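Single-letter residue listing:
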Amino acid sequence: MKIYQALVGGQWKVSSSERFLPSYNPYNQEEWAQIPLLTNEEISEAVECAHRSFKEWKNMSGLDRATLLHRLSDLIEEHADYLAEIESTDNGKVIRETKNQILFTARNYRYFAGYADKLLGEAIPLDNRELLDYTIMEPIGVVALITAWNSPLPLLANKLAPALATGNTVVIKPSEHASISTLEFARLIEKAGFPAGVVNVVTGDGKAGDALIRHPLVGKVSFTGGTQTAQVISRAVSEKLIPITLELGGKSPNIIFEDADIDEAVIGAVAGIFGASGQTCIAGSRLLVQRSILEIVKQALVEKTNKIKLGNPLDSETEMGPVANINQFNKIIGMIEEAKNQGAILLCGGKSSENSNLKGFYIEPTIFYTENPKVNIACEEVFGPVLTILPFDSVEEAIHLANDSVYGLAAGIWTRDIKKAHRLAQQIEAGTVWINTYRTSQVGTPFGGIKQSGFGRERSWHTLYEYTHMKNIMVNLSDNKRDPFSMQTK
Ligand code: TXE
């Protein structure tokens with residue numbers, strides 16, 4: 001059993017309350033580590049440390065910040081196997097995914113390292129030629145970064161890399177269900193040589209998160225998690241009127257047209273929903289299929305799905321691991337039962353795994369078919385390995401079904417008709433539209449949602465604006481006297 005410590009102002013500490021939270025390995029349901037349950041005072045201390053470090057960090061040259069971020073990327077790459085193993089042990093994701101994700105994480109820090117010394121302002125030509133005007137990008141201050149359990153390190157990199165590159169200091173609160181990889185990662189922050197207090201990691205449950213975001217010295221919140229928690233956080237943050245970035249869930253449509261390459265589309269559908277056991281915000285959990293190819297697609301999908309290899313997440317052959325925790329397991333099983341009761345037709349899966357060697361939170365990859373887009377399984381986020389297939393007849397119907405959701409995170413389109421694909425991409429309400437691919441990520445592309453999937457963007461250079469204030473500086477070059485009682489607009 002490993003006992004972990006939180007990182008506050010460069011010091012590793014357990015809570016003065018001596019209270020801990022257990023971390024379970026979802027593969028065997030065994031408690032394998034403990035994280036400290038920090039008190040509100042200790043969380044406050046972390047924010048104050050971040051606040052004290054802000055001036056030094058903000059005033060450091062961009063080149064020095066970039067050097068540290070590159071060093072961090074090197075260390076992540078060096079420790080990729082170890083970090084991937086920790087992640088898979090803590091949240092049950094298969095090692096072939098976590099290894100890949102850790103390298104993607106390193107890439108993300110490297111990407112933003114490249115911007116740390118290129119935070120450009122602009123000189124703005126004005127009507128009045130005797131005014132010199134320019135903008136500068138300034139860091140916000142202390143930023144609270146709250147992450148979920150499904151991909152702790154990649155989700156954190158989406159926030160931490162731009163926050164640090166732009167000169168902010170941070171307090172991180174990882175999910176109580178999977179904090180360990182973030183605490184191990186914090187060791188690399190230390191090793192890379194970041195000044196004490198620039199990055200702090202506090203641990204605890206939702207109450208710890210609540211204490212963090214409400215702290216008066218926190219100047220921005222960036223959150224990845226569930227919609228209901230986002231609503232609670234938004235309400236709290238609105239009192240302080242500080243900016244917030246929300247990366248939330250989805251019920252993303254993956255649309256297969258009759259003119260698609262069906263083999264590729266079926267692989268894309270499997271990648272969309274059964275990758276990471278469906279525990280990703282971008283899961284393509286609604287598969288819209290043109291009626292003329294419905295039977296072929298159903299058959300091919302069921303065949304592929306029945307062959308998915310469930311097993312130990314640490315085994316490189318395993319394709320699907322357990323779901324991450326008991327809450328998720330119960331929620332998903334509950335939604336499957338509800339779908340059956342509401343008349344959705346079960347095509348495969350539909351229960352916890354019957355393989356007696358698998359003792360963890362395993363759920364069979366499951367596919368439902370329904371013609372009723374209003375049943376819960378067709379419109380609510382499951383966040384598990386459950387796909388719902390819905391038929392459509394025309395392009396218009398596909399667009400209507402795709403957009404008939406409270407969410408707007410991602411969508412997929414499978415067709416060989418390039419004009420149709422682009423026309424549709426413009427009409428679909430989502431932050432990301434994939435054409436003839438799904439669940440493909442690159443650090444240079446903006447990622448985020450609309451509607452109840454959140455707002456603000458992560459990854460890509462646009463994110464620099466999420467972590468900075470733009471300041472305008474205007475200089476009078478004229479020697480003329482002005483009229484003090486009239487605003488100068490010329
Ligand atoms: O997430 P929560 P949970 C969805 C998914 C899942 C549901 C709930 O459908 O079933 O959300 O998952 C912290 N103030 N997603 O309960 O509660 C919490 O400690 C401040 C989608 O795990 O949203 C954790 O660090 N912080 C999602 C983080 O918020 C608070 C990924 C997320 O927890 C808080 C995960 C509060 N009042 C789940 N309450 C995605 N977008 O990918 C909790 N937290």
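Residues numbered from 1 in each chain as written. Predicted model: local features only at pLDDT ≥ 70, side-chain atom pairs only at ≥ 80, totals over all residues. Heavy atoms only, no water.

1. Describing a nonpolar patch on the surface
- Nonpolar side chains collect at one region of the surface, where L132, Y134, I136 and L477 lie side by side and expose about 330 Å² of accessible area between them.
- Turning to its location among the elements, I136 is positioned in strand β6 (residues 131-139).
- You can call I136 partly exposed: its relative accessible area is 30%. (Patch = residues over 30% accessible without salt bridge, like charges linked within 9 Å, V, L, I, M, F, W, Y side chains within 5 Å. Areas by Shrake-Rupley, 256 points an atom, 1.4 Å probe, with all protein chains shown as cover. Salt bridge = Lys/Arg side-chain N within 4 Å of Asp/Glu carboxyl O. Helix = DSSP H or I, 4+ residues; strand = E, 2+ residues; numbered from the N terminus. Buried < 20%, exposed > 50% of the residue type's maximum accessible area, 1.4 Å probe, protein only.)

2. Details of the packing of aromatic side chains
- Inspection of the entire model under this criterion finds 10 aromatic pairs.
- For the pair W434 and Y438, a centre-to-centre distance of 4.6 Å together with 55 degrees between the ring planes defines the contact as tilted.
- By relative accessible area, W434 is classed as buried at 9%.
- On the basis of relative accessibility, which here comes to 4%, the residue Y438 falls in the buried class.
- The ring of W12 carries the charged tip of R187 above its face, separated from the ring centre by 4.0 Å.
- If you follow K220 out to its NZ or CZ, it ends over the ring of Y467, 5.0 Å from the centre. (Phe/Tyr/Trp six-rings, centres within 6.5 Å; stacked < 30°, edge-to-face > 60°. Lys NZ or Arg CZ within 6 Å of the ring centre and 35° of its normal.)

3. Structural notes on helix α11 (residues 326-341)
- Taking 1.5 Å as the rise per residue, α11 with 16 residues should run 22 Å; its terminal C-alpha atoms sit 23 Å apart, in good agreement.
- When we look at burial in α11, the residues that qualify are Q328, F329, I332, M335, I336 and A339. Each buried residue of α11 lies within a common arc of 135 degrees when the element is viewed along its axis, so the set occupies one face.
- In this structure, the buried side of α11 is in contact with β15 (366-369), α12 (376-379) and β16 (386-392).
- Looking at where α11 begins, the residue whose side-chain oxygen comes 3.2 Å from the main-chain nitrogen of N327 is N325.
- The positive-phi residue at the C-terminal boundary of α11 is G343, with phi of around 95 degrees. (Expected span 1.5 Å × (residues − 1). Arc of directions from axis to C-beta. Contact = heavy atoms within 4.5 Å. Polar contact = N/O pair within 3.5 Å; in protein donor to acceptor, adjacent residues only side chain to side chain.)

4. With respect to the UniProt feature "active site" (unreviewed entry) in the chain
- When the UniProt feature table is mapped onto this chain numbering, "active site" (unreviewed entry) sits at E247.
- Here E247 lies in strand β11 (residues 244-247).
- Among all residues touching E247, those that are not within four sequence positions of it are L155, F223, T224, G225, C281, L409, F447, S453 and E458. (UniProt positions renumbered as here; feature names shortened; annotations may be inferred.)

5. A closer look at the domain arrangement of the chain
- Domain annotation for the chain reports domain 1 (2-247 + 460-474) and domain 2 (253-435).
- A straight line from the C-alpha centre of domain 1 to that of domain 2 covers 31 Å.
- In this assembly, 19 residues from domain 1 lie in contact with 29 residues from domain 2.
- The contact between domain 1 and domain 2 buries some 1,900 Å² in all, and 59% of this surface belongs to carbon and sulfur atoms.
- At the boundary of domain 1 and domain 2, one finds 0 salt bridges.
- The interface formed by domain 1 and domain 2 holds 8 residue pairs in polar contact (both at pLDDT 80 or more) in total.
- If you list the elements that add at least two residues to the side of domain 1 that touches domain 2, you get α3 (80-91) and α4 (95-116).
- Here the element with the most residues in the side of domain 1 that touches domain 2 is α3; it accounts for 4 residues.
- Here the residues of the side of domain 1 that touches domain 2 sort into 5 nonpolar, 9 polar and 5 charged. (Domains from an automatic or database assignment. Buried area = accessible area lost by both parts, 1.4 Å probe. Nonpolar A, V, L, I, M, F, W, Y, C, P; charged D, E, K, R; others polar.)

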